[in-house]
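Remarks on the overall topology
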Amino acid sequence: MTEGTTGGATAGLRRDAIGLREVLFQSVTAMAPAAAVAASIPSGAAFAGGSLPLAVVIALVACLFTASCVAELARELPAAGSVATYAARGLHPAVGFLVGWGYMFVEALVPPLLLLQLGFTVAGTLHEEWASWPADLWWPWSLAGAAVIAVTGYLGVRASARFGTVLGVFEVAVLLVFAGWLIVKAGSHNTLSVFGTSHTAREYGGFSGVFAGSVYTVLAFAGFEAAAPLAEETRDPRRTMHRAVLGAALGIGLFYVVTTYAMTVYFGPDRFAGFGAAGGASWEGVARASFGLFWVLVFLAVVNSTIANANACANVSTRTAFALARIRVLPRVLATLHPRYRSPVAGVAVQTAVAVGAVLGLGFGYDPVTAFLLLATVIVTVVIGVYIVVNLACAGYFLRRGRASLRPVRHLLLPLLGIVAFVPALLTAAGLPVFDFVTELTAPVSYAGPVVGVWMAAGAIVLLVLIRRHPERIAETARVHLEEADDPTHAVDRRNGDTTR
């Protein structure tokens, strides 16, 4: 059986199915901009206070270091395996396998994470508006979201990516319009002092508060790399991937700066340390209190964001699983493609089962909010670890290619700065109290570390078995299939044992 077979015929992911617009919004929606603005970024206000806009600028610059590395590798290595292929080429195929193993796992958990948020957000809002609606009746909304994502995934990348584009445009447009409204209403209270350190929370004065706020804000940028797994389905992938990854990180970063500035000057910089994700001092709370029914659009933008993010990350998980299955380091069935839509239908089915199982199992086992926090901690911990490895892989890949391709600033300095930027975020996400602003995790959220450890230990065992029995499969994590389609000599080199080109 050859890669991606359906009914015995050779098939691959659909070539040239989508362009820059769809790929750009694949990364944009994976960053969940509306949900990040309303829920993630305000977590930094407890430290940065009214200087949170400066913290967002710092986080943007820090994330652009890693986004640059991902973009460089995506241009050189357009592959559905994305970060796994980058690590395999830049460091070692065994590292590539472990990166792919961990990345596939956490990206498969993002849809249930967002479906939980969809459920408790809609149920809570309906209960607030109509007390007769039970606040704990969250699960029908989660299941409805799972059904929508499964259908779009089944219909293929063109349907899924266009669906994500529509959702992404809506959520960004709503928040930008609201931000403009806030800036106008702030009037004479508009001030550039929020880009300084004079408005930090009392307990975290000066730059220490801004730094703490930026660490929490960095987490809102996760997902900018989500375009990369769609490389084999994209027109002109080398150029498109590079532009999409950098464009998403920079564009949404500026979106975060504008929206955070708008709310800070409207709400009041010196009161902003009390701003959060719920209640009167929140995006929805301000919209309800001051802008009438406009709060409905803000609410819909956040709901929209959860579905769009789940859709984008389902694309990532199914493509990563497909890439690992076709080289037979995962069960071959995950490489099965629909004969018409060229969608990884087995992967979509498994992703849907995982999403529904995690949503109902964890949601009823604990409660939807606790389940959300547990999954979020698992996901962020692994994703940031992947970013650190990709920075190393960027340096390794271009050092191996030699002096002609090496750009010291782009390929050595920026990866180093990217690692430095993400290490504090990794420690914070894991709840390791290295900094005084980090809160140690409590059960069941503290179970995230053991869950990650068990999964990665299982991956190490699988790796050892494959190295012993099928070492050639691990070597193929470095394989870029599009190169072979465009240049048959690569297939000859691979048959001769060369996977380094």
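Computed from a predicted model, the values in this text were never measured in an experiment.

What counts and what doesn't
- The residue count restarts for each chain, going from 1 along the sequence in the order it is written.
- Thresholds applied to this predicted model are a pLDDT of at least 70 for local features of residues and 80 or more for the giving and counting of side-chain atom pairs; totals over whole chains, interfaces and linings are not thresholded and use all residues.
- Computation of side-chain values covers all heavy atoms of the structure but excludes hydrogens and water.
- Put simply, the grid is 1 Å and covers the protein atoms alone, a cavity is a trapped set of points that fit a 1.4 Å probe, a pocket is an open set with protein on both sides within 12 Å along at least five of seven lines, and lining residues have an atom within 4 Å of a point.
- Grid points are joined across faces, edges and corners, and a volume is the space filled by probe spheres set on the points.
- A run of H or I in DSSP becomes a helix once it reaches four residues, and a run of E becomes a strand once it reaches two; helices and strands are each numbered from the N terminus.
- Fitted lines through C-alpha atoms give the axes, limited to the stretch in contact for helices. The angle between two N-to-C directions lies from 0 to 180 degrees.
- In this scheme, roughly parallel covers angles under 35 degrees and roughly antiparallel covers those over 145, while 65 to 115 is roughly perpendicular and the rest are oblique.
- Crossing chirality is assigned from the near helix's rotation relative to the far helix, an anticlockwise turn below a right angle marking it left-handed and a clockwise turn marking it right-handed.
- Two residues qualify as a contact provided that any one of their heavy atoms is within 4.5 Å of a heavy atom in the partner residue.
- Note on residue classes: Ala, Val, Leu, Ile, Met, Phe, Trp, Tyr, Cys and Pro are nonpolar, Asp, Glu, Lys and Arg are charged, and everything else, Gly too, is polar.
- For a helix, the expected span equals 1.5 Å multiplied by the residue count minus one.
- Categorising residues by exposure relies on relative accessible area from a 1.4 Å probe, with only protein chains included: less than 20% of the type maximum marks a residue as buried, more than 50% marks it as exposed, and the intermediate range marks it as partly exposed.
- Pairing of aromatic side chains requires ring centres within 6.5 Å, counting the rings of Phe and Tyr and the six-membered ring of Trp. Pairs whose planes differ by under 30 degrees are stacked, by over 60 edge-to-face, and all others tilted.
- Criterion for a charge above a ring: Lys NZ or Arg CZ within 6 Å of the ring centre, and within 35 degrees of the ring normal.

Section: the layout of surface pockets
Quantified by volume, the second largest pocket comes out at close to 260 Å³. In this structure, the second largest pocket is lined by 15 residues; those nearest its centre are Met-104, Ala-108, Ala-321, Val-350 and Val-354. Elements supplying a minimum of two residues to the lining of the second largest pocket: helix H6 (93–129), helix H12 (294–326) and helix H13 (345–365).

Some words on the packing of helix H1 (residues 20–30) against helix H10 (residues 237–267)
Remark: H1 packs on H10, axes separated minimally by 8 Å, with the N-to-C direction vectors making an angle of 45°. In terms of axis orientation, H1 runs oblique to H10. Every pair of crossing elements has a handedness; the one defined by H1 and H10 is right-handed. Contact residues: H1 offers Leu-20, Val-23, Leu-24, Ser-27 and Val-28, while H10 offers Thr-240, Met-241, Arg-243, Ala-244, Gly-247, Ala-248 and Ile-252. Classifying every residue of the contact of H1 with H10 by side-chain character gives eight nonpolar, three polar and one charged.

Focus: empty space enclosed by the protein
A complete count under the given rule lists four cavities of 30 Å³ or more for this structure. Each pocket or cavity is described by its volume, and for the largest cavity that value is around 130 Å³. Lining the largest cavity we find 17 residues, and of these Ile-149, Ala-150, Ala-314, Gln-351 and Thr-352 sit closest to its centre. When contributions to the lining of the largest cavity are tallied by element, the ones reaching two or more residues are H6, helix H7 (139–154), H12 and H13.

Quick word on H10
In a regular helix each residue adds 1.5 Å, so 31 residues correspond to 45 Å; H10 covers 43 Å between its end C-alpha atoms and thus fits that length. Looking at the residues trailing H10, positive phi occurs at Gly-268, about 115°.

So, unusual backbone geometry
Across the junction of Ala-443 and Pro-444, the peptide omega takes the value 0°, indicating a cis bond. Examined against the element boundaries, Pro-444 turns out to sit in the loop between helix H15 (408–429) and helix H16 (448–469). The phi torsion at Ala-32 lies on the positive side, around 50°, for a residue other than glycine. With respect to the element layout, Ala-32 can be found in the loop between H1 and helix H2 (33–40). By relative accessible area, Ala-32 is classed as buried at 5%. Phi is positive for Asp-236, which is not a glycine, with a value near 45°. Its location among the elements puts Asp-236 in the loop between helix H9 (207–218) and H10.

Considerations on the packing of aromatic side chains
Under the defined criterion, the tally for this structure stands at 26 aromatic pairs. The interplanar angle of 15° and the centroid separation of 4.4 Å between the aromatic rings of Phe-105 and Trp-455 together place this pair among those described as stacked. One end of the pair, Phe-105, is in helix H6; the other, Trp-455, is in helix H16, with 350 residues separating them in the sequence. With a relative accessible area of 16%, Phe-105 lands in the buried category. For Trp-455, a relative accessible area of 25% translates into the label partly exposed. Relative to Phe-272, the ring of Phe-267 has its centre 6.0 Å away and its plane inclined at 75°; by these criteria the two rings are edge-to-face. As far as the burial class goes, Phe-267 and Phe-272 line up, both buried. Sitting above the plane of the Phe-267 ring, Arg-271 keeps its charged end 4.2 Å from the centroid. A cation sits over an aromatic face here: Arg-288 above Trp-295, 3.7 Å from the ring centre.

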